[in-house]
Amino acid sequence: MTEPGSTAPTYPLPVRIAGTGSYLPEKVMTNHDLELTVDTSDEWITSRTGIRERRIAREDEFTSHMASEAAKRALEQAKIDPADIDLIVVATITPDTLTPATACYVQQQIGAFKSVAFDVSAACSGFLYAMELARHAVGAGAFRNALIIGAEKLSAFVDWNDRNTCVLFGDGAGAAVLVPSTNGGGRILSSCLGTDGAQAELLNIPGGGSACPSTPGCTPTKTATLAMQGREVFKHAVNAMRKASTDGIAAAGLTIQDIDLIIPHQANLRIIDAIVERLDFSRENVFINLDKYGNTSAAAVAIALDEAHRQGRIKPGDKVLLVAFGAGLTWASAVIEW
Ligand code: COA
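Residues numbered from 1 in each chain as written. Predicted model: local features only at pLDDT ≥ 70, side-chain atom pairs only at ≥ 80, totals over all residues. Heavy atoms only, no water.

Peer 1: I tried to follow the site of the ligand on my own but got confused; where do I start?
Peer 2: Surrounding the ligand, one finds 23 residues, the nearest of these being T40, R48, G230, R231 and N268. Contacts to the ligand include W44, whose side-chain N or O atom sits 3.4 Å from an oxygen atom. Measuring from a nitrogen atom of the ligand, one finds a backbone N or O atom of G230 at 2.9 Å. If the ligand stood free it would expose 960 Å²; the protein chains cover 77% of that surface. For the shell around the ligand, the secondary structure elements donating two or more residues are α2 (42–49), α6 (163–166), α7 (230–251), α8 (269–279) and β12 (319–326). The biggest single contributor to the shell around the ligand is α7, with four residues. A class-by-class count of the residues in the shell around the ligand yields 10 nonpolar, eight polar and five charged. Built from parts of two domains, the shell around the ligand gets at least three residues from each of domain 1 (15–180) and domain 2 (187–337). (Near = heavy atom within 4 Å. Polar contact = N/O pair within 3.5 Å; in protein donor to acceptor, adjacent residues only side chain to side chain. Areas by Shrake-Rupley, 256 points an atom, 1.4 Å probe, with all protein chains shown as cover. Helix = DSSP H or I, 4+ residues; strand = E, 2+ residues; numbered from the N terminus. Nonpolar A, V, L, I, M, F, W, Y, C, P; charged D, E, K, R; others polar. Domains from an automatic or database assignment.)

Peer 1: How do you make sense of the domain arrangement of the protein when you look at a structure like this?
Peer 2: Assigned domains of the protein: these are domain 1 (15–180) and domain 2 (187–337). One C-alpha centre belongs to domain 1, the other to domain 2; they are set 14 Å apart. On the side of domain 2, 49 residues touch domain 1, which itself brings 51 residues to the contact. Of the roughly 3900 Å² buried between domain 1 and domain 2, counting both surfaces, carbon and sulfur atoms make up 65%. The largest per-residue losses of area from domain 1 upon contact with domain 2 belong to C124, L128 and Y129, which jointly make up 17% of the total buried on that side. Summed over the shared surface of domain 1 and domain 2, the number is zero salt bridges. Those elements giving two or more residues to the side of domain 1 that touches domain 2 turn out to be β1 (15–23), α2, β3 (53–56), α3 (63–78), α5 (126–139), β6 (146–153), α6 and β7 (171–180). Considering each element in turn, the side of domain 1 that touches domain 2 owes the most residues, seven residues, to α5. Here the residues of the side of domain 1 that touches domain 2 are counted per class, giving 23 nonpolar, 16 polar and 12 charged. (Contact = heavy atoms within 4.5 Å. Buried area = accessible area lost by both parts, 1.4 Å probe. Salt bridge = Lys/Arg side-chain N within 4 Å of Asp/Glu carboxyl O.)

Peer 1: What am I meant to see in a nonpolar patch on the surface here?
Peer 2: Among the surface-exposed residues, V116, F118 and L133 lie close enough to one another that they form a single nonpolar patch of about 240 Å² accessible area. Positionally, F118 belongs in strand β5 (residues 116–120). (Patch = residues over 30% accessible without salt bridge, like charges linked within 9 Å, V, L, I, M, F, W, Y side chains within 5 Å.)

Peer 1: Teacher, can you tell me more about the environment of K72 here?
Peer 2: In this fold, K72 is placed in helix α3. When the C-alpha atoms of K72 and L147 are compared, they prove to be 10.0 Å apart, with 75 residues separating the residues in sequence. Not counting residues within four places of it along the chain, the set of residues in contact with K72 comprises Q109 and I110.

Peer 1: Explain unusual backbone geometry here, please?
Peer 2: Keep in mind that most residues, glycine aside, have a negative phi and that most peptide bonds are trans. Going from Y11 to P12, the amide bond is cis rather than trans, its omega being 0°. Topologically, P12 is positioned in the segment before β1. The residue after T99, namely P100, is reached through a cis peptide bond having omega 0°. Mapping P100 onto the fold places it in the loop between β4 (87–91) and α4 (102–110). Phi is positive for A123, which is not a glycine, with a value near 50°. Relative to the helices and strands, A123 resides in the loop between β5 and α5. Looking at A123, the relative accessible area reads 5%, which means it is buried. With a phi close to 55°, D280 is a non-glycine residue in the positive phi region. Mapped onto the elements of the fold, D280 is located in the loop between α8 and α9 (290–293). Look at D280 and you get exposed, because its relative accessible area is 67%. (Buried < 20%, exposed > 50% of the residue type's maximum accessible area, 1.4 Å probe, protein only.)

Peer 1: Please clarify how the sheet that holds strand β8 (residues 187–195) should be interpreted in this entry.
Peer 2: In a beta sheet, neighbouring strands are held together by backbone hydrogen bonds and run either parallel or antiparallel to one another. If you walk across this open sheet you meet the four strands as β8-β13-β12-β11, and the pairing is mixed. Across the chains shown, the open sheet's two edge strands, defined by having one partner strand only, are β8 and β11 (261–264). On average, each strand axis in the sheet is inclined to that of its neighbour by 10°, with strand direction left out of account. Where β11 and β12 come together, four bridges link them in parallel fashion. Opposite P264, over in β12, you have V323 as the bridge partner. (Pairing = 2+ DSSP bridges. Axes fitted to C-alpha atoms, helices over the stretch in contact; angles between N-to-C directions.)

Peer 1: Where do I start with the pairing of β7 in this structure?
Peer 2: Counting buried residues along β7, nine of its 10 residues qualify, which places the element largely inside the surrounding structure. As defined by bridge partners, β1 adjoins β7 across eight bridges and the pair is classed as antiparallel. What sits directly across from V15, in β7, is P180. Two strands pair when backbone bridges link them, and β6 and β7 are joined in this way by eight bridges, in the antiparallel orientation. Its bridge partner being in β7, L147 is matched across the sheet by V177.

Next up, the structure:
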């Protein structure tokens, strides 16, 4: 209820990011380590992708554990007690279990007992899909705040004998806390999401779902490991991320000259370079950490956002473009005034 004399809030409320966090497993797997197990070389991986090493979770470290660690760090920065969180959305394609949602495990692990918790599955675009859902949920006043997380244990779904895919992926998690922006501070200015289900076959995990279950007595004809038509995915990634970027910037009422930092999905340095060139943007103002972590799918933009923030690459008032692309096919962008 509105206090006498005070003004009723106008919905939708602007929404800002109050805190970010990330978590990477300790174990580092270098390109040289991979040379020992598949027919590849550090030179090939570095020149074709920009990736030098990736992190690999312990066997007993699940997606929810990494998600929870990232979440705790984001909540600490936002100065919000887990018990006060209203909504948790985890973006992942590598859930602990098919059901319940990984967000439910996170709710227990961090003690956010009053929250509503569920997952979204939009592959590498998942964190930005979660951000857009949460922005509207908080902006409409349905939830006071939201914890959004991108988390993946891709090492559990990679065929470690397939050099076409195993060199590309890694594990990790990133998180952000969304709250109403009531004091004129920063806010999420715009978002742009897209999906092309006609291209679903280009990048998928064919086994393990209802189309090819691993139930007793049923012989899966397809494995539950990542399958990808790399060259085709590459072309779609460049086109979709360029368009998502320009559409997101236009929806914010800005031009590319207004953008201070781009945080792109961290899949391949050549994809990022192609986009930056097409946008006519300075490479110096693009945040890149894929050399250290490889492609962590839904976690990638979230981890990069947290690292950029903690390294002081984002200052109050800066306009930041987040942009991603992934299986589905899906793509997404968000423009944030910090
Ligand atoms: N080490 C050495 N050689 C490898 C290799 C590896 N790890 N992986 C593939 N090769 C070989 C291929 O077998 C092929 O050999 P051939 O010419 O004898 O057939 C050769 O390298 C070139 O393969 P190609 O697929 O044309 O390479 P590319 O330049 O397209 O790079 C990717 C491959 C996967 C790095 C690139 O296509 C890519 O990044 N695609 C997008 C992937 C992606 O980002 N997916 C996630 C989206 S969110």
